[in-house]
Amino acid sequence: MAGLKKVSLIKIITLLTVTLLISGCWDRRELEDQAFVQVMGIDKAPHNQILVTFRIAIPSKAGLGQTAGGGGGGEGSVAAQSSLLTSVIAPTIPSAVTLASGYVNRDLNLMHTKAIVLGEPFAREGIARLLGILTRHRELRGNVFMCVSEGEAYKLLEQNKPDLEKSFAKWWEGVKQLQSSQAIHPGSLLQDFITNAESLGIEGTMLYIAVNKEAKNQDPAKLRVPPSFEQAKLGVKSGEIPRTGGNAVEYVGTAVFKSDKLISVLTLTETRSLLMLNGQLRRAVITVEDPRVKGRYTGLEIKQGSPPNVKVNIDRDPVLIEEKLSLEGDLLALQSAINYATDLKNQRMLEAAIEKDLEEGALSVIKKLQQSGSDAVGYGDYASRRILTWPAWLDYDWPTKFKTAEVKVDVDFSIRRTGMLGKQPNVWEPR
Amino acid sequence: MYRLKEGHINSQSLFRILVILVVSNIFLGTPGAMVEEGATAGWILLLFAGAIAGAGIFILIKLLKKFPGKNFIEIAETLWGRPGAVFTALSFGILAVYTAIISLREFAETMLTTVLPRTPISVVTFFFVAAMLLGAYKGLEVIGRTSILLLPFVIGGIFTILFLAGNYISLNNLFPLLGTGLGELAYHAPGRSSIFIEIILVSLIVSNISDIENIPRATWKAFGVSLTVFIVVEIFYISIFRVATSEKLYVPLFQMARIIYMGRFIQRIEAIFIFIWFFTGALKLTLALYAGATALSRGFRIPIYQPLLFPLGLLTFSLSFVPPDIITAVRIDMLYLREYGAIPAWGLPLALLATSFIRKKGGGRPEKSQPD
C-alpha cells in the first residue's frame, strides 16, 4: 500500500513538472511581445544595401472601424488602419528585422508573412543575394506569395488600401486564390520560384503587381480603351486596367525571370496563354471575336480538359517542340444573333475560331519568351526526358537550344455547355 | 549461460521496432544525400542500396537459422571463441553507441534549427538522453509496446505529408531517368546500403523474441516496408523540390510539411509532424543505447545490461557535443556511418556464416525462450 502511494506521488510530481515545462522556457514567445509582419517589400538601396518595408499587423485595431467605400480606395481602409507600415535600410533582411525591433518595440516575427513584394529595379538587377535568406530563414515558408511591383515596392505597399478586407493577410489570401478562379496571374509561391529558378528546364515567374494611377479618376467617361480590347484581347497588365474607384493596387500579369533576373512582363491574355501551356489553367473567362459578325464578341468560361501533351524532339536542329492542348468551355455571352448553341455547324465554326485564337496567343507568348531567353513554360523538363543522365543534361545547354527551337501548338477546343439558354433571344439584327 | 532480465517481445513488435529504426533515417539528411549522389535517380540508388542490404539480410537470416535461438555474440563465441565474442560485441556496441551519438546530435540540432532556436542545445540533448535512459532501462517489452503505438502515427504522418504536399509534384523532375548514371549509382550503392544497417538489431535480440520461427518473416517484412517508404518519400522529395534544391535541404519531410497549403484552412501543419519526429527520434536513440548496452553486457558476460546504461548515456551525451556544428554532424553521419557502417553490419554475419560453413558448425535446436 505504501509502495503504491509512493508510485502515485512520483507520478503526480512528474505530471506537475511536465505541466510547468510545457509552457516553454527559452523559446516561449508571448503574442503581445511580437509584431507579426504580414507583407514584406524589398527594394535596392545605395551602397549595396536593401530597403526593407514591413507591413506589420496591429491586432488591437484589427476589425475596428468602417470601410470607406469609393474614393479610389482610401483613407478608410480598415486593413491599412490596423497595420503599421515602416521601411528600413539594412544590409540583409535579418538586420532589417533587428533595426525595426529598435523602434517597433516588439520582436518582429516573419512566420505569418503572406507575401514578399520585390521592387522592379531590384528584380531587374537580380535577386540571387536574397534567395539564400528566403529559403534559409526558419520563419519564412515555401508558400509565401512572390510578387514584383512596378517601380519601388515600398511605394506600392504604401498605396495598397484594400476596401473589402479588414486584414492584409486575408487580402493576400484572396489575391492568391484568383490564380485558380480567374487565371489573372501565375500564383507563384517562393517554393515554386526557387526550385524553378535553380533548374535548367524551367524558369521562375512571379505575380506582377502595380498601382493604377488612373484609379483616382472619378469620371468613367475619361477612361481610354486599350487598343487590344478591340481585338477581344485583354492585353493589359497591372496598372493598366481602364477603371475608376476601388483599391489603387492591381494584380494582373506575370513577371518572367531568367535565372534570378526579371526580364519581361506578360499581360493578362499572355498570362493565360502561359498558364494554358504549362497546364495550370483551372478556370478563365475568355473573349473572342464572333467568327461571323465583326465587332461582336463571344464570352466563354474555359478550362484545361486534360494535361498538355508535349513532345520535344532534341535529335534535330533546331529542336522541335510540339504541344497539344485540350480545352473545354461553356458559353457565357453571345453578342450576335447567330445560333452557336444548338446549330452544330455554327458551333464547330466557333470552336475553330477559339482554337485559332488560343493557338495564336500561345505562339505569341512562346515567341516573347524565346526572345527573352526564358523557358517559363518548362519545355526543358520535357526535353530532359529524352536524355538519360544528369551530366549529359547539364552539358546539353537547354537555355540556348530553347531560344532557337521551332514550336508548334495545336489546340483542341470543345464547347461543353451553352449556359441556361439554347438559341439566342430573337430580338436583334438580322431577324 | 547468463539470464538477462530484459523481457520478451513477439515478432510483430520486432517488425515495428525495425521499421521505426530504419524509417527514422528519412527524417534527417539521407534523402538529400541520395540526390547528391544519384541526382534525379536518387530513388534508383535506394533500390540498388536496398538490393545490397537485402543480400546482407539474407546472409544474416541464414546465419540465425543455422544457429536457432542464439544471438550474434553467442554465435561468434561458438565459432570464434571468447576473443571472437568480445570482438563482435565491441564492434556491435561501438556501432550502436556511435549511431546514438551522431543521431542524438542531429536530432537535437534539427530541433533547434526548426522549432526551438533559442533553447540551449544541452537542454534539448538532455531531454533526449533522459528519454533514452528511461526507455532503455525499462527494456525491450516497453520499447516494443511503444513501437506498436507509434508506428501507425509515423507511417500515417509520413503519408499524410506526402499526400497534402502532392499538389507540388511534377514527375518531369524525375528525368533524366538514370540520374548520375548506372556506374555512379552502382558505385555508391554498397555504401548507401548502410541506411538499412539498423536491421541487424534483430541478431542481438533474437533470444528475446517469443516466436523465433517468425523472425525471418518479420525481418523481411520490416525491410520491405522500410524500403518502400524510403523510395516513395524519395520520389516525392525529388519531384517536389527538383534536384538542385533537394540536395541542399535539411529535414526534407519537415520542409514538405512547411509548404503544405490546401486552401486557407489546411496549412501550417508541421507542428503535428514535430511530435511524430521527436518520438521517433527518441525511440531510435533508445534502441541504439539499448543495443549498445546489451551487446557489451553479452560480450563481457555482465548478467544485466542496466548498469551500463548510465555510463553509456553519459558518454553519448558528452560525445554528441564533439562535432563543432550541424554540418560536421551530418557529414560524419553521411560520410562515415552511412557509408562504411555497411562493412561491419553486413561483413560480420558474412564472416560468421563463412566460418560456420568452413568449420561445419551450427544446426542446433532452438533453445526455448522463457518469460521472466
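Residues numbered from 1 in each chain as written. Chains lettered and ligands numbered in written order. Predicted model: local features only at pLDDT ≥ 70, side-chain atom pairs only at ≥ 80, totals over all residues. Heavy atoms only, no water.

**Things to note about unusual backbone geometry**
A cis amide bond links A:Asp317 with the next residue in sequence, A:Pro318, at an omega value of 5°. Looking at the element boundaries, A:Pro318 is found in the loop between strand E12 (297-313) and strand E13 (320-334). The linkage connecting B:Phe175 with the following residue, B:Pro176, adopts the cis geometry, with an omega of 0°. Within the secondary structure layout, B:Pro176 lies in the loop between helix H6 (140-164) and helix H7 (182-192). Notably, B:Arg268 is not glycine yet its phi reads approximately 55°, a positive angle. In this fold, B:Arg268 is placed in the loop between strand E2 (266-267) and helix H11 (270-299). By relative accessible area, which is 25% here, B:Arg268 ends up partly exposed. (Helix = DSSP H or I, 4+ residues; strand = E, 2+ residues; numbered from the N terminus. Buried < 20%, exposed > 50% of the residue type's maximum accessible area, 1.4 Å probe, protein only.)

**A look at the pattern of salt bridges**
With the rule as written, the count across this model stands at 35 salt bridges over all chains. Among the charged side chains, a network of salt bridges with common partners joins B:Glu198, B:Lys284, B:Asp333 and B:Arg338. (Salt bridge = Lys/Arg side-chain N within 4 Å of Asp/Glu carboxyl O.)

**With respect to the side chain of B:Ser147**
Within the secondary structure layout, B:Ser147 lies in helix H6. Reaching out from B:Ser147, the side chain makes a polar contact with the backbone oxygen of B:Ile143 at a distance of 2.8 Å. (Polar contact = N/O pair within 3.5 Å; in protein donor to acceptor, adjacent residues only side chain to side chain.)

**Considering the interface of chain A and chain B**
At the junction of the two partners, chain A supplies 38 residues and chain B supplies 37 residues. In this assembly, chain A packs against chain B so that about 3200 Å² is buried in total across both faces, 48% of it on carbon and sulfur atoms. Taken together, chain A and chain B are joined by 4 salt bridges. Taking the shortest distance from any N to any O, the salt bridge between A:Asp381 and B:Arg242 comes out at 2.6 Å. The tally of links between chain A and chain B comes to 20 residue pairs in polar contact (both at pLDDT 80 or more). At 6 residues, helix H8 (residues 190-198) of chain A tops the list of elements feeding residues into the side of chain A that touches chain B. (Contact = heavy atoms within 4.5 Å. Buried area = accessible area lost by both parts, 1.4 Å probe.)

**Some words on the domain arrangement of chain A**
Residue and element names in this part refer to chain A. For chain A, the assigned domains read domain 1 (32-266) and domain 2 (268-431). Spacing between the C-alpha centres of domain 1 and domain 2 amounts to 29 Å. Each partner contributes residues to the interface: domain 1 has 31 residues there, and domain 2 has 34 residues. Applying the counting criterion to the domain 1 and domain 2 interface returns 1 salt bridge. Of the charged contacts in the structure, one is a salt bridge between Lys233 and Asp357, with a shortest N-O distance of 2.6 Å. Where domain 1 packs against domain 2, one counts 13 residue pairs in polar contact (both at pLDDT 80 or more). (Domains from an automatic or database assignment.)

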